[in-house]
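Structural characterization, general
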Amino acid sequence: MAIGRAGRGKAVSTYCDDRHIIKTNNCVRVNQQVSMVGKGVKRKRHADGGLDSCQNLADCPESYSLKRQLVLNTSLNKMQNGRALPELSLRRTVLIANTLRQIQEEIRLESSQLASAMALDSGCSELGSQRDVPPSRLTTESHPAGFGDGLEDFTSASDEDHSLSSAINSILRDLDIIVDESPSPSIPQDNLGLPEAMDTAAEDWNKEEIQSTEPSRPLESVFGSFEIMSSSYLVGVTLDDLFLDIDTSVCDCDVATVGPAPSGRAVPPGVADDLAKTFTSCNSSSSLGASPTLRTDLNDLDHIMEILVSS
Amino acid sequence: MEEEIDTRKINNSFLRDHNYATEADIISTVEFNNTGELLATGDKGGRVVIFQREQESKNQSHRRGEYNVYSTFQSHEPEFDYLKSLEIEEKINKIRWLPQQNAAYFLLSTNDKTVKLWKISERDKRPEGYNLKDEDGRIKDPSTITTLRVPVLRPMDLMVEASPRRVFANAHTYHINSISVNSDYETYMSADDLRINLWHLEITNRSFNIVDIKPANMEELTEVITAAEFHPHQCNMFVYSSSKGTIRLCDMRASALCDKHSKLFEEPEDPSNRSFFSEIISSISDVKFSHSGRYMMTRDYLTVKVWDLNMENRPIETYQVHEYLRSKLCSLYENDCIFDKFECVWNGSDSVIMTGSYNNFFRMFDRNTKRDVTLEASRENSKPRAILKPRKVCMGGKRKKDEISVDSLDFSKKILHTAWHPSENIIAVAATNNLYIFQDKVN
């Protein structure tokens, strides 16, 4: 620290210079959060998301839905990781939540239009094109693509619909409880009985609001968000791999946190009954066609395992 | 705009020659005082360093007053909120000077939760000849005292002391992002994500809430307050900006709680530029009134906008800071750079505005000539007293000599905080842990 010299005459700074010594012993932390974009250096893939490089995707403007899915996944990742951040930036959380809601709304709109269009088609009536492009089509950089390539998204996406909004709401609610002295008085309506949500989703994917009377617990919301990730992330993962190491008696959850088993796979012993039920329901819903572009990453599993074990 | 600049940088980092920096040294705010004589910087470690301009001497007429360190003190310490199990960062978010009323200087500095009023004073005399204490300060044995004498003041080496005079605490649940001193010089406001409080400078145990945008149900939260400022001349008016790209002008005479705005400034979105990130990049990171009080300037992620206070539906001027980033928004979202909060400043005459960018670039826009320039604050590219060379970023295609391509930009080197001297062409630019001070060349 420089010792000050005032404009006239010499001055002695009253600040103690101990910090000078302390600094030499501190280990220097490089700011790890910022990664440089495209400086010829290979960027690290995030450990918990098997995402394709944003950069690559930006170069191929054809697939609007892919891009949207990418933004969706990135946002979900951020919401999840945001809890670990020591500095809770409310602004950042709100902006990400708004982005998620926007995408969710758009998906919902498209899926309902598609559903109505398909219903009309199957009703044997020739109605030209009912498929209006939804009013608020968003782009990352380029113009929206056609409907066709996004078809797979709708099925899994509509399942995610309610889980998404529940997760966002719960995260915001938890922020309130954590940060503010006076938590909001309203009883959460659409809370995470996410297993229930997934169940209903499997049966009927043109859905109504789900009322749950379970009180909200921050723990559940963590699992809740993972529920969403699991349906599109962990396809083809076997239950055995995931549950080998952990002691399920410790884990007092009735929420399925991992993806579906391939059909017919037996649930390993020691797992709660409702877990098994949820798995089969997840199985049926997700087998309708999760996005094929998102592949399983072992890092996903590690991350989820950490959450499970730490809770 | 052609500005010849004489450079002089002051490096207050301990690790001078290394490429990495201790995080505690990252400068988080820069502010000139009302005369420009003093320049205060706050850093992530909770320290405040004040620089003072040298008096111009006849001997060294070619050296127009340089800034030297005047005082350094620890303003805020890290705290832990045991009730909520949350760490409270000691990082100084904002510093605002009070106008000088006597020989001492006063400033307000704030971290996420607590605002403090600091008094910085000089001491150049000290009393000698106490009766009950000897020169070392030890108490004398009363029985040895035989005569009485009057202590006299003798000159000593100039010492600059900083002492906390007021601590304004426990009024904010969320993180404080702005403080602003009112033109009445008696009150000031502090704004966090959801609320704005009005304080009297003398009273620390009470503050008045004047804006509250917290919804009853937190699930409905979609907008937060990002910046707030009092009008420079009208003590009843202030503005606050939001994360949705709106600015609200409020009049405190209208009601005690100014939730209802007097004016709402918002520019309709350009439909051709719509993307997933439209809302995020429209979030306003800084709002500043012009010195005249007639205009205000807002900074969002890609642009700087100048608004006429009499026209609410659109800004009168829009300047593109780094439009070449529009195609990179997805990557910037991924690495969180899209959430960076850049500040903007006016010059003394409100004719030039300045704001920062990435790669240690900062931009200046001349409102009259409509010319703009990109400059770089870096050690390698500027030697003391060298003239800054304008930089250029090329979008794609052929890269001309001396141009930088968008993909080579270093997004970890961002200039978020800048300040402009209130009357002269002297600017202070904070680049991570380095402070650069640039002056107009005099010939």
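Calculation notes
- Residues numbered from 1 in each chain as written.
- Chains lettered and ligands numbered in written order.
- Predicted model: local features only at pLDDT ≥ 70, side-chain atom pairs only at ≥ 80, totals over all residues.
- Heavy atoms only, no water.
- Helix = DSSP H or I, 4+ residues; strand = E, 2+ residues; numbered from the N terminus.
- Buried < 20%, exposed > 50% of the residue type's maximum accessible area, 1.4 Å probe, protein only.
- Contact = heavy atoms within 4.5 Å.
- Areas by Shrake-Rupley, 256 points an atom, 1.4 Å probe, with all protein chains shown as cover.
- Pairing = 2+ DSSP bridges.
- Axes fitted to C-alpha atoms, helices over the stretch in contact; angles between N-to-C directions.
- Salt bridge = Lys/Arg side-chain N within 4 Å of Asp/Glu carboxyl O.
- Core = buried A, V, L, I, M, F, W, Y, C linked by side-chain atoms within 4.5 Å.
- Lys, Arg positive; Asp, Glu negative; His and termini not counted.
- Polar contact = N/O pair within 3.5 Å; in protein donor to acceptor, adjacent residues only side chain to side chain.
- pLDDT = per-residue confidence, 0-100.
- Phe/Tyr/Trp six-rings, centres within 6.5 Å; stacked < 30°, edge-to-face > 60°.
- Disulfide = S-S within 2.5 Å.

**Side note on the overall build of chain B**
For chain B, the count of helices and strands is 2 helices and 32 strands. The buried share among the 443 residues of chain B stands at 58%.

**Observations concerning the overall build of chain A**
A count of helices and strands for chain A gives 10 helices and 1 strand. The order of helices and strands in chain A, counted from the N terminus, is β-α-α-α-α-α-α-α-α-α-α. Per-residue burial for chain A yields a buried fraction of 49% across its 311 residues. The long-range share in chain A, meaning contacts at least 24 apart out of those at least 6 apart in sequence, stands at 70%. As displayed, chain A offers around 15400 Å² of accessible surface, 55% of which is attributable to carbon and sulfur atoms.

**Here we look at unusual backbone geometry**
Residues and elements named next belong to chain B. The backbone of N360 sits at a positive phi, close to 60°, despite the residue not being glycine. Mapped onto the elements, N360 comes out in the loop between strand 25 (352-356) and strand 26 (361-366). The backbone of K370 sits at a positive phi, close to 60°, despite the residue not being glycine. Structurally, K370 is set in the loop between strand 26 and strand 27 (372-376).

**Considering the environment of Q102(A)**
When you line up the elements, Q102(A) lands in helix 4 (residues 90-122). Each C-alpha atom of the pair Q102(A) and L72(A) lies 9.8 Å from the other, and the pair is 30 residues apart in sequence.

**What to know about the sheet that holds strand 21 (residues 295-299) of chain B**
Residues and elements named next belong to chain B. Taking strand neighbours across the sheet as the criterion, the 4 strands line up as 20-21-22-23 in an open arrangement whose pairing is antiparallel. Each having just a single partner strand, strand 20 (286-289) and strand 23 (317-320) make up the two edges of the open sheet. In this sheet, neighbouring strand axes are inclined to one another by 15° on average, regardless of whether the strands run parallel or antiparallel. Pairing of strand 22 (residues 303-308) with strand 23, which is carried by 4 bridges, proceeds in the antiparallel orientation. Bridging across to strand 23, K305 finds its partner in T318.

**A look at the sheet that holds strand 27 of chain B**
All names here are of chain B. The sheet built from 4 strands is open, its strands ordered 24-25-26-27 with antiparallel pairing. The sheet terminates laterally at strand 24 (344-346) and strand 27, the two strands that pair on one side only. Neighbouring strand axes in the sheet, compared pairwise and without regard to direction, differ in orientation by 20° on average. Direction of pairing for strand 25 relative to strand 26: antiparallel, over a ladder of 5 bridges. Note that in strand 26 the partner of T355 across the bridge is R363.

**Here's the deal with the pattern of salt bridges**
Applying the stated rule across the entire model yields 34 salt bridges over all chains. The shortest N-O distance in the salt bridge between D81(B) and K84(B) comes to 4.0 Å. A relative accessible area of 18% places K84(B) in the buried class. The residue D124(B) makes a salt bridge to K125(B) at a minimum N-O spacing of 3.6 Å. Ionic contacts of the salt-bridge type, sharing partners, join the residues R68(A), E106(A) and E110(A) into one network.

**Things to note about the nonpolar core**
Within the largest apolar cluster, 38 residues are counted, with the highest numbers of intra-cluster contacts made by F277(B), Y301(B), L325(B), L332(B), Y333(B), I338(B) and L409(B). Residue assignment for this core shows that the elements contributing at least two residues are helix 3 (64-82), helix 4 and helix 5 (151-179) of chain A together with helix 1 (278-282) and helix 2 (329-334) of chain B. Not counting residues within four places of it along the chain, the set of residues in contact with L332(B) comprises Y301(B), L325(B), C337(B), I338(B) and F411(B). Grouped together as the second largest cluster of nonpolar side chains are 16 residues, V345(B), V373(B), I427(B) and F438(B) included.

**Let's talk about the side chain of D366(B)**
Residue and element names in this part refer to chain B. Locating D366 in the fold gives a position in strand 26. As a buried residue without a salt bridge, D366 has its nearest oppositely charged side chain in R371, at a separation of 7.2 Å. Within the structure, D366 has its side chain in polar contact with the backbone nitrogen of N368 (distance 2.9 Å).

**Quick word on the confidence of the model for chain B**
All names here are of chain B. Across chain B, the average pLDDT comes to 89, with 92% of residues at or above 70. For residues 1-20, every residue scores under 50 in pLDDT, and the model assigns this stretch 68 contacts once sequence neighbours within four places are set aside. Both scores are given for the predicted complex: the pTM is 0.68, the ipTM 0.89.

**Focus on the environment of D134(B)**
All names here are of chain B. Inspection of the secondary structure puts D134 in the loop between strand 10 (115-128) and strand 11 (152-168). Owing to a relative accessible area of 24%, D134 belongs among the partly exposed residues under this scheme. A polar contact of 3.0 Å, which involves the side chain of D134, links it to the backbone nitrogen of D136.

**Description of the environment of V71(A)**
All names here are of chain A. Along the chain, V71 turns up in helix 3. Residue classification places V71 among the buried residues on the basis of a relative accessible area of 1%. In sequence terms V71 and T99 are 28 residues apart; their C-alpha atoms lie 8.6 Å from each other.

**Examining the packing of aromatic side chains**
Counted according to the given criterion, the structure contains 20 aromatic pairs over all chains. When the centroid spacing of 5.1 Å and the interplanar angle of 70° are considered together, the rings of F168(B) and W199(B) count as edge-to-face. With F168(B) in strand 11 and W199(B) in strand 14 (residues 195-200), this residue pair connects regions lying 31 residues apart in the sequence. As far as burial versus exposure is concerned, F168(B) and W199(B) are alike and both buried. Clustering of aromatic rings is evident, with ring pairs tying together Y64(A), F276(B), F277(B), Y333(B) and F339(B).

**A look at the pairing of strand 5 (residues 67-74) of chain B**
Residues and elements named next belong to chain B. Counting buried positions along strand 5 yields 8 of 8 residues, so the element is predominantly enclosed. Where strand 4 (residues 47-53) meets strand 5, 7 bridges bridge the pair, whose relative direction is antiparallel. Pairing of R47 across the sheet is with Q74, part of strand 5.

**Some thoughts on the side chain of D81(B)**
Residue and element names in this part refer to chain B. Position of D81 among the secondary structure elements: in strand 6 (residues 79-81). Polar contacts involving the side chain of D81 include one to the main-chain amide nitrogen of L83, which spans 3.0 Å. Beyond its immediate chain neighbours, meaning those up to four positions away, D81 contacts L86 and I88.

**Notes on the state of the cysteines**
Tallying each qualifying case throughout the model produces 0 disulfides over all chains. Of the cysteine sulfurs around C258(B), a residue in no disulfide, the closest is that of C250(B), at 5.3 Å.

**A short note on the pairing of strand 26 of chain B**
Residues and elements named next belong to chain B. Counting buried residues along strand 26, 6 of its 6 residues qualify, which places the element largely inside the surrounding structure. Burial of strand 26 is two-sided: the residues F361, R363 and F365 facing one way and the residues F362, M364 and D366 facing the other way are all buried. Between the end of strand 25 and the start of strand 26, which pair antiparallel, lie 4 residues, with N359 showing a positive phi angle near 60°. Here strand 26 pairs with strand 27 via 5 bridges, running antiparallel. Across the sheet, M364 pairs through a bridge with V373, a residue of strand 27. Taking the residues that link successive antiparallel strands as the turn, the strand 26-strand 27 hairpin has 5 residues, and the phi of K370 there is positive, at about 60°.

**Observations regarding the confidence of the model for chain A**
With 22% of its residues at a pLDDT of at least 70, chain A reaches an overall mean of 53. Throughout residues 124-157 of chain A the model reports pLDDT below 50, and contacts reaching past four residues in sequence, or to other chains, amount to 72 contacts.

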